[in-house]
Amino acid sequence: MNILVATAEVTPFAKVGGLADMAGALPKAWAEDGHNVVVILPLYGTIDTEKFGIVKTDMLVDVPFGTWTEYAEVWHGTLPGTTIPVYFLRSSDYYDRPGIYGYHEGFEDNDRRFIFLSRAIFEVARALDFRPDVVHAHDYHTAPCMPMLKVHYHNDEFFRHTAGVFTIHNMAYQGMYDPQRAMEFCGFPASEFYTGSWYEQDGIFNAMKAGILFADKITTVSPTYAQEIRWTPEGMGLQGALQSRGADLIGVLNGIDAGTWSPLHDEHIAVPYDASSLKKKDINKKALLKEVGISASEMKRDLPVVGMVTRLTEQKGVSILAACIESFVANDRFRLVILGSGEAKYEDLLKNLAYRYPDHVRVGTGYNEPLSHMIQAGSDFYLMPSKFEPCGLTQMFALAYGTVPIVRSVGGLADTVQDYDPITFTGTGIRFHRYTGEALQQALETALRLYKREPHWSHMRRNAMAQDNSIVTTARRYVEVFGWAQEARR
Ligand code: ADP
Ligand code: GLC
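Calculation criteria
Residues numbered from 1 in each chain as written. Chains lettered and ligands numbered in written order. Predicted model: local features only at pLDDT ≥ 70, side-chain atom pairs only at ≥ 80, totals over all residues. Heavy atoms only, no water. Pairing = 2+ DSSP bridges. Helix = DSSP H or I, 4+ residues; strand = E, 2+ residues; numbered from the N terminus. Contact = heavy atoms within 4.5 Å. Axes fitted to C-alpha atoms, helices over the stretch in contact; angles between N-to-C directions. Near = heavy atom within 4 Å. Polar contact = N/O pair within 3.5 Å; in protein donor to acceptor, adjacent residues only side chain to side chain. Areas by Shrake-Rupley, 256 points an atom, 1.4 Å probe, with all protein chains shown as cover. Nonpolar A, V, L, I, M, F, W, Y, C, P; charged D, E, K, R; others polar. Parallel < 35°, antiparallel > 145°, perpendicular 65-115°, else oblique. Left-handed = near helix turned anticlockwise from the far one by under 90°. Salt bridge = Lys/Arg side-chain N within 4 Å of Asp/Glu carboxyl O. Buried < 20%, exposed > 50% of the residue type's maximum accessible area, 1.4 Å probe, protein only. Lys, Arg positive; Asp, Glu negative; His and termini not counted. Expected span 1.5 Å × (residues − 1).

Digging into the sheet that holds strand 8 (residues 176-177)
Moving on, step 1. Strands sit in the order 8-10-9 across an open sheet of three strands; the sheet is antiparallel. The sheet terminates laterally at strand 8 and strand 9 (200-201), the two strands that pair on one side only.
Moving on, step 2. Note that strand 9 and strand 10 (residues 204-206) share two bridges and pair antiparallel. Among the inter-strand pairings, E200 is bridged to a residue of strand 10, identified as F205.
Moving on, step 3. Lying over the sheet, helix 6 (residues 179-186) contacts strand 8 and strand 10, oriented at roughly 45 degrees with respect to strand 10.

This is the structure in structure tokens:
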């Protein structure tokens, strides 16, 4: 199958969150199964072209935009360790600047930047003579690919067999744009925008809604989230649109790339280990504590370490953590190591805790890939108290590293972590339900009771490591969906 991936993030070139991991890992798994994949991504100013061997080609594509034509240089690279082509769009107007989305509010012209990307992918495919069987678009950034496929390319001989699949990674970001600008940039008549039209939500242009309504098939990143967004406020106002496509909306659980996330082959951690050598996790724990500045004398006291690696946004549950953490750290119950970046109020809150409890709370800010691996390997527990979670990858990394996840039972967290049952010795972690500080506190108490309590501790960690969350399964499921999308297109 010829798969064209249109995305705003791909690891390791440009990453903010899990979208990048998925957009980087799926193509590898597809290629290994014999599919042809082309990935298209903007050449952001922050991408290190030299480091990744990204070079300019002599292709300059004409991109129909509004009623005029714009141009993008096409640069070429490959996903590291593979021959899978990644084509980068270089445009000094849109992407030659630091950052992917801009600071908290986003760049003012994000509508234009991402609508341009959505349109350009078709023209790059044509210039490459790559006839896609499926265009796979991700999140609001490339959602406009779905209406564009139907409006501009449906009768185009080149895209005769192309179906559109739209994957929702997060309903919280929908691409709500000024309708006049967005319709014009997309090349759609202004008259197609009216109350109740497929582009409109609450009076403005909604890229996510258009993606949902025009796609041949829609997927989201876990089965539970697929239900939540249709029937609960997690649909963030688009429940109606999602219900109208209910039969075409499929939950495909994310997976992880064992090439990057395996404790036996992880170049960032102190000592490799697997389920038969879990003792070596202690060495990784010491290495982590040293890395974050816990003194040698402090380290002699063996406290459980709870780790977190996360974007700091409301989604990730920092507020309920803040509501209950102090009694634990003030009473010497565990150490908390957090790597996070995002909203200043959460960074400040965590730094303040670290300032007051330097032996118990350590906070890393900024994007730090090596430290994110050290936290997975060196922590005893991994905490994810999310308010909502479409899927979540870091709890799956934790499972693979034998680090017991403590999660709120929502979205993909409910699909990937099973409560440990001390009677049957089954389950992989600790779950809680209500989004409150008290509920989290109780879950942490449960975790502390199980810490090093045998035989439960060993069972829990081994069960976690035995769980298969491979991207290979995920990738095959997508191919199945792509097949259904093709049938729907005809
Ligand atoms: P989300 O996509 O909502 O942020 P996921 O759990 O799906 O959540 O994916 C987050 C990804 O981003 C993981 O690969 C995680 O390790 C990584 N990550 C998040 N914050 C940081 C950080 N500060 N430094 C390094 N990696 C991070
Ligand atoms: C989103 C979600 C996260 C998911 C990731 C990759 O950013 O917040 O839950 O794992 O996308 O699909």
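As for the site of ligand 2
Moving on, step 1. Neighbouring residues of ligand 2: 14 residues in total, closest H169, N254, E389, C391 and G392.
Moving on, step 2. A distance of 2.4 Å separates an oxygen atom of ligand 2 from a polar side-chain atom of E389.
Moving on, step 3. When the free accessible area of ligand 2 is taken as 310 Å², the share hidden by the protein chains comes to 93%.
Moving on, step 4. Looking at which element gives the most residues to the shell around ligand 2, the answer is helix 1 (residues 18-32), with three residues.
Moving on, step 5. Split by residue class, the shell around ligand 2 holds six nonpolar, six polar and two charged.

Structural notes on the packing of helix 12 (residues 318-330) against helix 17 (residues 437-450)
Moving on, step 1. The interhelical angle for the contact between helix 12 and helix 17, taken along N-to-C directions, is 45 degrees, at an axis separation of 8 Å. Taken together, the axis directions place helix 12 and helix 17 in an arrangement best described as oblique. Once helix 12 is placed against helix 17, the crossing between them reads as right-handed. Mapping the contact onto sequence places I320, L321, A323, C324, S327 and F328 in helix 12 and G437, L440, Q441, L444, E445 and L448 in helix 17.
Moving on, step 2. Taken together, the residues of the contact of helix 12 with helix 17 sort by class into eight nonpolar, three polar and one charged.

Examining the site of ligand 1
Moving on, step 1. Taken together, the neighbourhood of ligand 1 is formed by 20 residues, with K15, G18, R311, K316 and L393 sitting nearest.
Moving on, step 2. At 3.0 Å from an oxygen atom of ligand 1 is found a side-chain nitrogen or oxygen belonging to D21.
Moving on, step 3. Burial of ligand 1 by the protein chains amounts to 93% of its free accessible area of 570 Å².
Moving on, step 4. Elements with a contribution of two residues or more to the shell around ligand 1: helix 1, strand 13 (305-312) and helix 15 (394-400).
Moving on, step 5. For the shell around ligand 1, the element with the highest residue contribution is strand 13, accounting for three residues.
Moving on, step 6. For the shell around ligand 1, a count of residues per class yields six nonpolar, nine polar and five charged.

A word on the pattern of salt bridges
Moving on, step 1. A complete count under the given rule lists 26 salt bridges for this structure.
Moving on, step 2. For R90, the salt bridge identified is with D96, shortest N-O distance 2.8 Å.
Moving on, step 3. With its nearest N and O atoms 2.7 Å apart, the salt bridge here joins R356 to E326. Placement of R356 in helix 13 (residues 344-356) and of E326 in helix 12 is noted, with a sequence separation of 30 residues between them.
Moving on, step 4. Residue classification places E326 among the partly exposed positions, given a relative accessible area of 30%.
Moving on, step 5. Within this structure, K285, D302, D380 and K452 form a network of salt bridges that share partners.

What about the sheet that holds strand 17 (residues 404-408)?
Moving on, step 1. Sheet architecture is open: six strands sit in the order 15-14-13-16-17-18, paired in parallel fashion. In this open sheet, the two edge strands, each paired with only one partner strand, are strand 15 (361-365) and strand 18 (430-432). Ignoring strand direction, the axes of neighbouring strands in this sheet form an average angle of 20 degrees.
Moving on, step 2. Sheet topology note: the strand 14 (residues 335-342)/strand 15 ladder contains five bridges and is parallel. In the strand pairing of strand 15, I338 is matched with V363.
Moving on, step 3. Docked against the sheet, helix 12 engages strand 13, strand 14, strand 15, strand 16 (381-384) and strand 18, running at close to 155 degrees with respect to strand 14.

Re the side chain of E234
Moving on, step 1. Position of E234 among the secondary structure elements: in the loop between helix 8 (223-231) and helix 9 (239-244).
Moving on, step 2. Lacking a salt bridge, the buried E234 has R408 as its closest oppositely charged neighbour, with an N-O distance of 6.1 Å.
Moving on, step 3. When neighbours within four sequence positions are excluded, E234 is seen to be in contact with M171, Y225, E228, I229, K387 and F388.

Quick look at the pairing of strand 11 (residues 217-220)
Moving on, step 1. Side chains K217 and T219 of strand 11 all project onto a buried face; the interleaved residues I218 and T220 project onto the opposite face, where all are buried too.
Moving on, step 2. Two elements, strand 7 (residues 163-168) and strand 11, share four bridges in a ladder whose sense is parallel. Its bridge partner lying in strand 11, I168 is registered against T220.
Moving on, step 3. Pairing of strand 11 with strand 12 (residues 249-251) involves three bridges; the strand directions are parallel. Residue pairing in the sheet places I218 in a bridge with L249 of strand 12.

Details of helix 12
Moving on, step 1. A rise of 1.5 Å per residue sets the reference length of helix 12, with its 13 residues, at 18 Å; its end C-alpha atoms lie 18 Å apart and thus fit the reference within 8%.
Moving on, step 2. For helix 12, the set of buried residues is V318, I320, L321, C324, I325, F328 and V329.
Moving on, step 3. Once helix 12 finishes, D332 follows within two positions and takes phi at roughly 60 degrees, a positive value.

Focus on the environment of G164
Moving on, step 1. Among the secondary structure elements, G164 is positioned in strand 7.
Moving on, step 2. Separated by 160 residues in the primary sequence, G164 and L4 place their C-alpha atoms 9.8 Å from one another.
Moving on, step 3. With residues up to four places along the chain from it excluded, the contact list for G164 reads V135, M146, L149, A215, D216 and K217.

Everything listed here is a matter of coordinates, which is why it stays silent on function.
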